[in-house]
Amino acid sequence: MRPFWLDQALAAESCAPCEPLAGDTRADVCIVGGGYTGLWTAIMLKEQNPELDVLLIEADICGAGASGRNGGCALSWSAKYFTLERLFGVEEAVRLVKESERSIYAIGTFCEQYGVDADYRLDGTLYTATNRAQCGSTDAVIAALERNGINSFTQRPVADVQRMAGSSKHLEGWFSPAAASVQPGKLVRGLRRVALQLGVRIHENTAMTGLEEGKPAGIQTPNGTVRADRVVLAMNAWMARAFPQFERSVAIVSSDMLITEPRPELLNQIGLTSGVTVLDSRIFVHYYHNTPDGRIMLGKGGNTFAYGGRMLPVFDQPSPYAGLLRNSLTDFFPAFAEVKVEATWNGPSDRSVTGLPFFGQMSTSGNVFYGFGYSGSGVGPCHMGGQILASMVQGLDNPWTRSPLVNGPLGYFPPEPIRYLGSLMVRNAIRRKERAEDHGRRPRHLDVRLAKFAAAAGKADKG
């Protein structure tokens, strides 16, 4: 089963699949993974250095992973400012916030330049509170952005927030214009088309079965081998399974989504008429936006946890949390209570300890590069990931290659079974805490303490 976005994108496409690799071949750069990170890297390499022979292999079809099934919220790192400052210092934190906002605009420019119809709408984002306990929780991070001259958020009157967000559930809201919504499947398939147009060789249905270090490196696949001077591993959630050294650097957890049938007249009625992305202040956040054809997409993070970084069959099935999503939809939009849900789906996201991706080099030969750990917020930051990896591959000396983002994982989860059992304990504590807050009750002290272990999972740092 393909998730809704990818299904919709494939139905609108007329191009032929890329043949699997057969036989042995040589390339300057081999990229493993045909999602946003791998494709942005390939495109940027070809734009900067058209002579480079870039070959990309993808185990399924381009966009079959997280890139074709995420919520389509292209957000910056501005609300993660405290984390950035704590890890990297003020100067780099300020630079990364600016770059992350620049990436949002750059994705729109790219779509325009190459005629990619990805339903890109630069309509901003609303960070909201949906219960009293959440009110004021983003004040501190916004004050820090303001102090550093990088704040794009303004607090809007509650009536404006409820009108823009189409729901009276929101009790406060901060709006930033530096955010967009996209149809993620159309974006990733558009990136594939542009990569091919620029001369990238792509082989779909070609899994990496082995990596032999050396100069050149050897990438084994079921029916052939690639010898490449440089290798980029852009496998995201699949890295933990492929390379034991990364098993504890991410936790694999689902984000679950639903999408309604088109009801443009109801959207007009409730006032959700722009492509604004809306996120509440939970740790396991609710996020939603409308679509140009009149649907509502709503998602919620932090549901299914995978033991030992495994890819579970459920990640490719309709969401087991469909009932929970339906209740949230009705809660936000009572007018949609009887509207048919067209599809539900979920997928694995690679949560890092910090909630930020990390990049690095992992071979004694110095020619194998990687980047992953987007933690469920990759639509915008993958564009930065492409810049980082393209810079590393070319051996450039620039702010990206000098960034501490390229120093590998910035923390590790405990070993199994502690990680898995601990994840479930924290998840359940968060659910109890947020349920209590929704009902105006004070959560148990223990639940509040346990919830702090997952602070990095939220979309915004709390002061």
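Everything numeric in this text was worked out from a predicted model, so none of it was measured.

Reading the values: the criteria
Residues numbered from 1 in each chain as written. Predicted model: local features only at pLDDT ≥ 70, side-chain atom pairs only at ≥ 80, totals over all residues. Heavy atoms only, no water. Helix = DSSP H or I, 4+ residues; strand = E, 2+ residues; numbered from the N terminus. Buried < 20%, exposed > 50% of the residue type's maximum accessible area, 1.4 Å probe, protein only. Polar contact = N/O pair within 3.5 Å; in protein donor to acceptor, adjacent residues only side chain to side chain. Contact = heavy atoms within 4.5 Å. Arc of directions from axis to C-beta. Phe/Tyr/Trp six-rings, centres within 6.5 Å; stacked < 30°, edge-to-face > 60°. Lys NZ or Arg CZ within 6 Å of the ring centre and 35° of its normal. Pairing = 2+ DSSP bridges. Right-handed = clockwise from strand over helix to strand, strands pointing away. UniProt positions renumbered as here; feature names shortened; annotations may be inferred. Core = buried A, V, L, I, M, F, W, Y, C linked by side-chain atoms within 4.5 Å. Salt bridge = Lys/Arg side-chain N within 4 Å of Asp/Glu carboxyl O. Axes fitted to C-alpha atoms, helices over the stretch in contact; angles between N-to-C directions. Parallel < 35°, antiparallel > 145°, perpendicular 65-115°, else oblique. Left-handed = near helix turned anticlockwise from the far one by under 90°. Nonpolar A, V, L, I, M, F, W, Y, C, P; charged D, E, K, R; others polar. 1 Å grid on protein atoms, 1.4 Å probe; cavity = no way out; pocket = protein on both sides within 12 Å on 5 of 7 lines; lining within 4 Å. Points joined across faces, edges and corners; volume = space filled by probe spheres on them.

What should I look at first to understand the side chain of serine 363 in this one?
Position of serine 363 among the secondary structure elements: in the loop between strand E17 (358-361) and strand E18 (368-372). The buried category is assigned to serine 363, whose relative accessible area is 7%. Looking at serine 363, its side chain comes within polar contact range of the side chain of asparagine 367, at 3.2 Å. Every residue in contact with serine 363, bar those within four places of it in the chain, is listed here: Glu213 and Val368.

How do you make sense of helix H5 (residues 139-147) when you look at a structure like this?
Three or four residues apart is the spacing at which side chains of an α-helix point the same way, because the helix has 3.6 residues per turn. Val141, Ile142, Ala144 and Leu145 are the residues of H5 that are buried. The buried residues of H5 occupy an angular sector of 155 degrees when the element is viewed end-on, so they sit on one face. Opposite the buried face of H5, at more than 90 degrees from it, the exposed residues are Glu146 and Arg147. On its buried side, H5 packs onto helix H3 (81-88), helix H4 (90-114) and strand E6 (172-176).

Help me out: how do you make sense of the packing of aromatic side chains in this one?
Centre-to-centre distance and the angle between the planes together describe a pair of aromatic rings. Counted according to the given criterion, the structure contains 18 aromatic pairs. On the basis of an interplanar angle of 85 degrees and a centroid distance of 5.4 Å, the ring pair of tyrosine 127 and phenylalanine 153 is categorised as edge-to-face. Of the two residues, tyrosine 127 is situated in strand E4 (residues 125-129) and phenylalanine 153 in the loop between H5 and strand E5 (154-156); the sequence distance between them amounts to 26 residues. By relative accessible area, which is 6% here, phenylalanine 153 ends up buried. Counting every residue linked through ring pairs, the aromatic cluster contains Phe246, Phe358, Tyr370 and Phe372. The side chain of arginine 95 reaches across the aromatic face of tryptophan 400, ending 4.5 Å from its centre.

Could you clarify how one ought to interpret the pairing of strand E1 (residues 23-32) in this entry?
On any regular strand, side chains alternate: one points to one face of the sheet, the next to the other face. Note: E1 against strand E11 (residues 224-233), 9 bridges, orientation parallel. Bridge pairing in E11 links cysteine 30 to valine 231. Pairing of E1 with strand E2 (residues 54-57) involves 4 bridges; the strand directions are parallel. Residue pairing in the sheet places cysteine 30 in a bridge with leucine 55 of E2. After leaving E1, the chain enters helix H2 (residues 36-48) and then returns to the sheet as E2, a path that is right-handed.

How should the UniProt feature "domain: FAD dependent oxidoreductase" (unreviewed entry) in the protein chain be read in this particular structure?
Following the UniProt record, the feature "domain: FAD dependent oxidoreductase" (unreviewed entry) maps to residues 28-391 here. Secondary structure content for residues 28-391 is 30% helix and 27% strand, while the C-alpha to C-alpha distance between its ends is 15 Å.

Help me understand the side chain of serine 349, please; the structure alone is not making it clear to me.
Mapped onto the secondary structure, serine 349 falls in strand E16 (residues 341-352). Judged by its relative accessible area of 9%, serine 349 is buried. For serine 349, the residues in contact, after removing those within four places along its chain, are Ala251, Ile252, Val253 and Gly376.

Just checking my understanding: could you explain the nonpolar core for this structure?
Nonpolar side chains tend toward joint burial in soluble globular proteins. Grouped together as the largest cluster of nonpolar side chains are 79 residues, with contacts concentrated most on Ile31, Tyr81, Phe110 and Leu187. Broken down by element, the residue count for this core peaks at 9 residues, all from H4. In this structure, Met239, Ala240, Val250 and Met362 belong to the second largest nonpolar core, which totals 30 residues.

Would you explain the pattern of salt bridges in this entry?
When their charged atoms lie close together, side chains carrying opposite charge are able to pair. Applying the stated criterion across every chain, the model contains 25 salt bridges. As a salt-bridge pair, glutamate 99 and arginine 102 come within 2.9 Å of each other at their nearest N and O atoms. Here the residue glutamate 99 and the residue arginine 102 both occupy positions in helix H4, the gap between them amounting to 3 residues, near one helical turn. For glutamate 99, a relative accessible area of 14% corresponds to the buried category.

I tried to follow the pairing of E11 on my own but got confused; where do I start?
Where burial is concerned, most of E11 is hidden: 7 out of the 10 residues are buried. Pairing geometry for strand E10 (residues 217-221) and E11, over 5 bridges, is antiparallel. Residue threonine 221 lies in a different strand from E11, and its bridge partner there is glycine 224. The turn linking E10 back onto E11 is made up of 2 residues. As paired elements, E11 and E18 share 3 bridges and run parallel to each other. Its bridge partner being in E18, leucine 233 is matched across the sheet by tyrosine 370.

Can you walk me through the packing of H3 against H4 in this structure?
For any two helices packed against each other, the geometry comes down to the angle between their axes and how far apart the axes lie. Viewed as axis vectors pointing N to C, H3 and H4 meet at an angle of 140 degrees, and their least axial separation amounts to 7 Å. Taken together, the axes of H3 and H4 lie oblique to each other. The chirality of how H3 crosses H4 is right-handed. Side by side, H3 and H4 meet where Tyr81, Leu84, Glu85 and Phe88 of the first sit next to Val90, Glu92, Ala93, Val94, Leu96 and Val97 of the second. Of the residues belonging to the contact of H3 with H4, the class tally is 8 nonpolar, no polar and 2 charged.

Please explain empty space enclosed by the protein as it appears in this structure.
Empty space among the atoms becomes apparent when a probe as large as a water molecule is rolled across them. Enumeration according to the criterion identifies 5 cavities of 30 Å³ or more in this entry. Of the voids in this model, the largest cavity is the one considered here, and its volume is about 150 Å³. Lining of the largest cavity is provided by 19 residues; of these, Ser76, Trp77, Lys80, Ser377 and Lys459 occupy positions nearest its centre. For the lining of the largest cavity, the residue count by class is 10 nonpolar, 6 polar and 3 charged.

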